[in-house]
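Understanding the architecture of this molecule
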Amino acid sequence: MEQGASGSKSRDSLKAVFRPASIAVVGASANPEKWGFKILKNILDAGFQGPVYPINPKAGEILGLRSYRSVNEIEAQVDLAVVIIPAPAVPEAIEECGQKGIKGAIVITGGFSEAGPEGAELERRLAEIAARWGLRVVGPNCQGVNHPHHSLCASWPLIQDKGEMAIISQSGTIGAAFMDWASLDRLGFSAFVSLGNRADIDEADLIEYFSADGDTRVIALYLEGVKDGARFLEAARGCPKPIVVLKPGRTEQGRRAAESHTRSLAGRDEIYEAVFRQRRIHRASNLEELYDFSKALAYLPCPRGKKILIVTSSGGSGVLATDVAALEGLEVASLPGELAGRLRAELPSHFVISNPFDLTGDADARLYRKVVEAASPYYDAIVLIFGDPLPGASEVVTQEPPQVVIYLGGADVERRERELFHLKKIPVFPTPERGIRALSQLVKY
Amino acid sequence: MEAVISQALAEGRNLTEPEALELLKAYGFPIVEHRFASSGEEAVEAASAIGYPVVLKIVSRDILHKSDAGGVALNLCGPDDIKAAFRQVIESVKKHKGDAAINGVLVARMAPPGTEVILGMVRDPQFGPTIMFGLGGVFVEVYKDVSFRILPLTEEDALEMVQEIKGFPLLKGIRGQGPKDIGSIVNGIMRLSRLVQENPRILEIDLNPIVVYEKGCEVLDARIILM
């Protein structure tokens, strides 16, 4: 896309990809071993609300649907084509889609620029044909698009939990892992886009699209290199939502690996670091952080400042949390005299009134609530570490002031409580380090 | 200043240091007091106008790294020093590069000690012109303690890039030294970014060092590479 096509025009043109009313699956197959079968099945199993047209030269019936030899045989309007045929046949298929008036395509097939000069030529033709017809393309060489809010899963694995985090990835697996974790956490995701070779649609287009998407609160990216620096800077500047990026290539070896994986120009890491800071982008240093930071930014309110109180039932976890908090520039500030006095009067005499505040073996949900209620006016955020099987934990946490929940060592009770927290859209972090580092992102910019 | 750049490009060379300093001056940079001299006698005249001590630096289109070529003489305190240094500088440069075209020398006031910083611009293949800031000397060479920002940048960005280097405490003042004029560095960054945006034919800039004092700062050396 040219620079001028940014903003709302670019967003509108992506509607065919994310909110199609009908889909043609070019290369649909009756053979359960083939991607043309698996993806068609995922589209159907996800409960897509409009007509789905399998396209296969042998026609017949696939998964109970009438199949067509070509998109031109379909009488009705088609919005989106999901393309799973060998690379050499793709440009012509896109040409037919253009003629048919299809406005979006997801090209799963590989064998394009990642495969050598011939593939690169095919990709160039694909992009040229698509541009001529005003047809927007995801891929090629990608894992597709999953958009649970539209019951669209032109991808794999089939995960459908609706949520508020969009994941855009140059790796299918990293996107899938993110979705899987979000699904296990019952938080879900708003969309997954596998970028592939970015013959047309790139991360800048998608940042613009999800900036305006009502279901998305945070945009997570796995990026080995930007496609167009100027467009990326522009899209990120215009984005009012938090963006979290996992960008490898911190070492020379990593940069070379990235270049061979996606042909991305990994670039100088210190320049990327500068770009991220300048655009207020949160940089994750690993996959867990990509998920944790996104979760925190999507579901926790931003604290007013950096003064935190750590309340814990586990002494060791409190120490770990304190260390990381200090490294991240958070203030683990001692309790003001007034608050210390009040807690001393209300709690049994053996409690040590300090920060981290250790509730020891006496801890129960009621005691957490008591401390939080008393301390709320004095702190910008409260970190609650549940370090034992503590039932009822999910009932005592509010978000005034912001409260970061870390739950560990609680076995079955923990698993039950974690689910209850997540159903209330309160994120739970599995270790003190991960919880505190996620919290630090909320006050970073 | 456009004309200077056009002429240098037409002659297939980069800006000479006097030209580079003039360009910087036009953008409001505080520049060390300096004069051009094409002979030992002229250098003595220049020095007495500027006031001792002074430094001499070779001016040659063919010499990019003056110190490496033996083209710099520091802390010269009188006319005899200068005449000897003039001969010596020319001689070492010729030895270093026999066919180097030598215009003469730059005579500059020997700046009083302060904290040395560097400011530069490089072009990133993906993000375009990028401003770099760091502490001079060993900090940049060994510790790579530098920060970057992409153009265009705001004053807030400029301040952040100064604050984010590890050596920032040295600028805030340590061991009884007063705080250095951080505002003057921020101004320098903003001036440099305007210069880069208005002169798209510049490929690279290296202001090394800029000496920062408790009040103000001064550019001592400038290298401007054209496309």
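Residues numbered from 1 in each chain as written. Chains lettered and ligands numbered in written order. Predicted model: local features only at pLDDT ≥ 70, side-chain atom pairs only at ≥ 80, totals over all residues. Heavy atoms only, no water.

What follows covers the overall build of chain B. Across its full length, chain B holds eight helices and 10 strands. A globule of 227 residues ought to have a C-alpha radius of gyration of about 17 Å, and chain B, at 18 Å, matches this closely. With respect to the three principal axes, the spread of C-alpha positions in chain B is 50 × 45 × 30 Å. Looking at chain B as shown, the accessible area adds up to about 10,400 Å², and 52% of this sits on carbon and sulfur atoms. With 24 positive and 31 negative side-chain charges, chain B shows a spacing of 1 Å between the two charge centroids. (Helix = DSSP H or I, 4+ residues; strand = E, 2+ residues; numbered from the N terminus. Rg over C-alpha atoms; globule rule 2.2 N^0.38 Å. Areas by Shrake-Rupley, 256 points an atom, 1.4 Å probe, with all protein chains shown as cover. Lys, Arg positive; Asp, Glu negative; His and termini not counted. Charge placed at Lys NZ, Arg CZ, Asp CG, Glu CD.)

The next point concerns the sheet that holds strand β10 (residues 162-169) of chain A. Residue and element names in this part refer to chain A. Spatially, the seven strands line up as an open sheet ordered β9-β8-β11-β10-β12-β13-β14, and their pairing is mixed. The outermost strands of the open sheet, each flanked by one partner alone, are β9 (152-155) and β14 (282-284). Direction aside, the axes of adjacent strands within the sheet are offset by 20° on average. Bridge count for strand β8 (residues 144-147) against β9 is four bridges, and the pairing is antiparallel. Bridge pairing links V145 to A154 in β9. (Pairing = 2+ DSSP bridges. Axes fitted to C-alpha atoms, helices over the stretch in contact; angles between N-to-C directions.)

To continue, consider the domain arrangement of chain B. Residue and element names in this part refer to chain B. For chain B, the assigned domains are domain 1 (33-109) and domain 2 (115-226). Between the C-alpha centres of domain 1 and domain 2 there is a distance of 27 Å. Listed by partner, the interface residues are five residues for domain 1 and five residues for domain 2. Taken together, the two surfaces of domain 1 and domain 2 that pack against each other cover about 420 Å², and 35% of this comes from carbon and sulfur. When the buried surface of domain 1 facing domain 2 is broken down by residue, K57, L64 and R109 rank first, second and third, together holding 68% of it. A salt bridge links K66 to D221, with the shortest nitrogen-to-oxygen separation between them at 3.1 Å. (Domains from an automatic or database assignment. Contact = heavy atoms within 4.5 Å. Buried area = accessible area lost by both parts, 1.4 Å probe. Salt bridge = Lys/Arg side-chain N within 4 Å of Asp/Glu carboxyl O.)

Once that is clear, we can look at the packing of aromatic side chains. Residues and elements named next belong to chain A. What the rule picks out here adds up to 13 aromatic pairs over all chains. Ring geometry for F18 and Y209: centres 4.6 Å apart, planes at 20°, overall stacked. Note that F18 is positioned in helix α2 (residues 15-18) and Y209 in helix α7 (residues 203-211), a separation of 191 residues in sequence. F18 gets classed as buried once you look at its relative accessible area, which sits at 0%. We classify Y209 as buried; its relative accessible area is 6%. With 5.8 Å between their ring centres and 50° between their planes, Y272 and F276 make a pair best called tilted. Of the two residues, Y272 and F276 are both situated in helix α10 (residues 269-278); the distance of four residues between them amounts to about one turn of the helix. Here Y272 matches F276 in class, with each residue buried. One aromatic cluster is present, formed by Y368, F386, Y407 and F421 through successive ring pairs. Above the face of the W35 ring, K38 is positioned so that its terminal group lies 4.4 Å from the ring centre. (Phe/Tyr/Trp six-rings, centres within 6.5 Å; stacked < 30°, edge-to-face > 60°. Buried < 20%, exposed > 50% of the residue type's maximum accessible area, 1.4 Å probe, protein only. Lys NZ or Arg CZ within 6 Å of the ring centre and 35° of its normal.)

All names here are of chain A. According to the domain assignment, chain A consists of domain 1 (3-138), domain 2 (146-299) and domain 3 (307-442). On a C-alpha basis, the centres of domain 2 and domain 3 stand 31 Å from each other. Taken together, the contacts link 14 residues of domain 2 with 12 residues of domain 3. Both sides of the domain 2 and domain 3 interface together cover about 1,400 Å² of buried area, and 56% of this is carbon and sulfur. The interface formed by domain 2 and domain 3 includes three salt bridges. The residue R437 makes a salt bridge to E289 at a minimum N-O spacing of 2.6 Å. Taken together, the connections running from domain 2 to domain 3 amount to six residue pairs in polar contact (both at pLDDT 80 or more). Top element by residues in the side of domain 2 that touches domain 3 is helix α11 (residues 287-299). It accounts for eight residues. Of the residues assigned to the side of domain 2 that touches domain 3, the class counts are five nonpolar, two polar and seven charged. (Polar contact = N/O pair within 3.5 Å; in protein donor to acceptor, adjacent residues only side chain to side chain. Nonpolar A, V, L, I, M, F, W, Y, C, P; charged D, E, K, R; others polar.)

We now examine the nonpolar core. Counting 56 residues, the largest nonpolar core has V82, I106 and F210 of chain A as its most contacted members. Apart from residues no more than four positions distant in its own chain, F210 of chain A is found in contact with F18, A166, I168, A191, V193, T216, I219 and K241 of chain A. Counting residues in hydrophobic clusters, the runner-up holds 43 residues, among them L21, M161, F168 and V219 of chain B. (Core = buried A, V, L, I, M, F, W, Y, C linked by side-chain atoms within 4.5 Å.)

Next up on the list: the pattern of salt bridges. Throughout the structure, instances matching the rule amount to 47 salt bridges over all chains. Where salt bridges share partners, they join D269, E273, R277, R280 and R283 of chain A together with R149, E156, E160 and E164 of chain B into one cluster.

Turning our eyes to something else, we now look at helix α14 (residues 365-375) of chain A. Restricting attention to buried positions, one finds in α14 of chain A the residues A365, L367, Y368, V371, V372, A374 and A375 of chain A. Elements that come into contact with the buried residues of α14 of chain A comprise β15 (307-312), α13 (337-346), β17 (357-358), β18 (381-386), α15 (393-396) and β19 (403-407) of chain A.

Our focus in this paragraph is the sheet that holds strand β1 (residues 34-37) of chain B. Residues and elements named next belong to chain B. Read from one edge to the other, the open sheet built from four strands follows the order β1-β4-β2-β3, with strand pairing classed as antiparallel. If you trace the sheet from one side to the other, it starts and ends with β1 and β3 (72-76), each paired once. Shown here is a sheet whose adjacent strand axes are inclined to one another by a mean of 25°, direction ignored. Strand direction decides the pairing type here: strand β2 (residues 54-60) and β3, joined by three bridges, are antiparallel. Bridging across to β3, K57 finds its partner in V72.

So, about the interface of chain B and chain A. Where interface size is quoted, it is often the accessible area lost as the parts come together. With 15 residues of chain B in contact, the opposing surface of chain A contributes 17 residues. Carbon and sulfur atoms supply 58% of the area buried between chain B and chain A, which totals about 1,400 Å² over both sides. The largest share of the area that chain B buries against chain A comes from Q126, F127 and F148 of chain B, three residues that together contribute 50% of it. Applying the counting criterion to the chain B and chain A interface returns three salt bridges. Between E160 of chain B and R280 of chain A there is a salt bridge, with its nearest N and O atoms 2.7 Å apart. Connecting chain B to chain A are six residue pairs in polar contact (both at pLDDT 80 or more). Among the elements of the structure, β5 (115-124), β7 (146-150) and α6 (155-163) of chain B are those that each provide at least two residues to the side of chain B that touches chain A. Per-class residue counts for the side of chain B that touches chain A are seven nonpolar, two polar and six charged.

All names here are of chain A. Interaxial distance between α13 and α14 falls to 10 Å at its minimum, and their mutual angle equals 155°. When the axes of α13 and α14 are compared, the pair comes out roughly antiparallel. Classified by chirality, the crossing of α14 by α13 is right-handed. On the side of α13, the interface is formed by L339, R342, L343 and E346, while α14 contributes K370, V371, A374 and A375. (Parallel < 35°, antiparallel > 145°, perpendicular 65-115°, else oblique. Left-handed = near helix turned anticlockwise from the far one by under 90°.)

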